[in-house]
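Structure at a glance
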Amino acid sequence: MILDRWEEFQEKDPGNMLAEIEHLPEQLKKAWSLGQDMPLQESRRIRNVVLAGMGGSAIGADLLQAYALSHVPIPIIVWRNYALPAFVGKESLVILSSHSGNTEETLSAFDHALETGAKLIAVTTGGELAVRAKDAGVPLWQFEHVGQPRAAVGYSFGLLLAAISHMGWLPDPVEEVADAVASMKDQQVALGADVPIAQNAAKRVAGQLVGRWPTFIGADFLAPVARRWRTQVSEIAKAVAQFEELPEADHNLVAGVPYPEELIPKMMVIFLKASHYHPRNQLRIDVTREVLMVEGFNTDLFQAQGKSRLAQQWTTLHFGDYVSYYLAMSYGVDPSPVPAIEELKRRIKDLTEGKS
Ligand code: PA5
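Just so it is clear, the structure is predicted and the values come from calculations on it, not from any experiment.

Some details on the packing of helix H3 (residues 24-34) against helix H7 (residues 153-166)
Where H3 contacts H7, the axes come no closer than 8 Å and their chain directions differ by 30 degrees. Viewed along their axes, H3 and H7 adopt a mutual orientation that is roughly parallel. You can see that H3 and H7 cross each other, and the crossing is right-handed. Listed contacts from H7 to Leu-24, Gln-27, Leu-28, Lys-30, Ala-31, Trp-32 and Leu-34 of H3 are Val-153, Gly-154, Tyr-155, Phe-157, Gly-158, Leu-159, Leu-161, Ala-162 and Ser-165. Class assignment of the residues belonging to the contact of H3 with H7 gives a composition of 11 nonpolar, four polar and one charged.

As structure tokens, then:
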């Protein structure tokens, strides 16, 4: 069984994505403490927050939004596009997040935010975003990370959490951060590459996904984690996947499951469940799973680990990262490079510059 021949992983994983996943708890801890000393904006008179970014740099914003919305007294939205919504103005805080600093949608949002007179913070490792932030005197939250943007999710979340918390909009999450880090570390003992499939739940889930079309379903603060599982399967395992959110999926997805019949045995639906969910969403996870099983879908359930909401969000995310890694190993693909994304960016750039 390939997943138990872990000595061969290194050959398939020259960029050592496995180490990035293993060190995620430490990265989250480091990002949170780095965020304690970063320059801030004056929080009075801020009426809304926009978190702008794409892909691996946007997922931290989704996680933050889902975690913080139940505390923060003003709206927070995640913006994945050019420009900015029309409501952005002098009373907005716009946080631009781009790992490379060179993502055109995020740079467009930066320029737009400057024009509106909004308050800005730029979160990046460097690139054009850092240059523009320095030129405009915008607080620059620069962090060091060599590797793939999606592997820096600890930074893209931890720094935003520090920013929102220092603005005084959140009860101090320091204990939840510590709980998240400790719970991830506890959980990962049984998920390592050297833990055989019989004892390794992440390898078993990856094995169930091989040759199947996965759908990940989460609710509340795990809805962005379902998205993360999907994006990690896309970028790490180079495989198709989708994600859904409850309770919304109960109002449409469950109606569209009988067809095409020949596809159903190929589907695998994984439900993400947490004890911190709204009780009705806990019930919905179980009932929705039953509905899909009756229709012939393969299903499984991951129960979030840890006590606090943050621990449950991050243990579920971390487990999904391991699953996508083991799926990549099963398919024999290199988990680090994303040539399709690079090629698409290059084609868009060439077309803009008039090259064929
Ligand atoms: O994971 C990836 O490589 C992508 O999803 C990138 O994060 C995305 O293209 C945006 O790039 P950046 O994170 O550098 O802004």
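Overview of the pairing of strand E9 (residues 298-303)
Note: strand E8 (residues 267-273) against E9, six bridges, orientation parallel. Of the residues in E9, the one forming a bridge with Lys-273 is Gln-303. In this view, the connection linking E8 to its parallel neighbour E9 by way of helix H11 (residues 279-294) has right-handed handedness.

Digging into the sheet that holds strand E6 (residues 213-219)
As summarised here, the arrangement of the four strands in space is E7-E6-E8-E9, forming an open sheet in which the pairing is parallel. A single partner strand is all that each edge strand has here, and the edge strands are strand E7 (242-246) and E9. The average angle at which neighbouring strand axes cross in this sheet is 20 degrees, direction not considered. In the packing of helix H10 (residues 223-236) onto the sheet, the strands contacted are E6, E7, E8 and E9, and the crossing angle to E6 comes to about 160 degrees. Together, E6, E7, E8 and E9 form the strand contacts of H11, whose direction differs from that of E8 by roughly 165 degrees.

Some thoughts on H3
All buried positions along H3 are accounted for by Leu-24, Pro-25, Gln-27, Leu-28, Ala-31 and Trp-32. For H3, the arc enclosing every buried residue in end-on projection is 160 degrees, short of the 170-degree limit, so these residues lie on one face.

Examining the site of the ligand
All residues in the neighbourhood of the ligand are listed as Met-54, Gly-55, Gly-56, Ser-57, Ser-98, His-99, Ser-100, Thr-103, Pro-149, Arg-150, Glu-235 and Lys-345. Thr-103 places a side-chain nitrogen or oxygen 2.5 Å from an oxygen atom of the ligand. Within the contact set of the ligand, an oxygen atom lies 2.6 Å away from a side-chain nitrogen or oxygen of Glu-235. In the complex, 93% of the free accessible area of the ligand, which totals 370 Å², lies under the protein chains. Residue composition of the shell around the ligand, grouped by class: two nonpolar, seven polar and three charged.

Rules of the game
- Residues numbered from 1 in each chain as written.
- Predicted model: local features only at pLDDT ≥ 70, side-chain atom pairs only at ≥ 80, totals over all residues.
- Heavy atoms only, no water.
- Axes fitted to C-alpha atoms, helices over the stretch in contact; angles between N-to-C directions.
- Helix = DSSP H or I, 4+ residues; strand = E, 2+ residues; numbered from the N terminus.
- Parallel < 35°, antiparallel > 145°, perpendicular 65-115°, else oblique.
- Left-handed = near helix turned anticlockwise from the far one by under 90°.
- Contact = heavy atoms within 4.5 Å.
- Nonpolar A, V, L, I, M, F, W, Y, C, P; charged D, E, K, R; others polar.
- Pairing = 2+ DSSP bridges.
- Right-handed = clockwise from strand over helix to strand, strands pointing away.
- Buried < 20%, exposed > 50% of the residue type's maximum accessible area, 1.4 Å probe, protein only.
- Arc of directions from axis to C-beta.
- Near = heavy atom within 4 Å.
- Polar contact = N/O pair within 3.5 Å; in protein donor to acceptor, adjacent residues only side chain to side chain.
- Areas by Shrake-Rupley, 256 points an atom, 1.4 Å probe, with all protein chains shown as cover.

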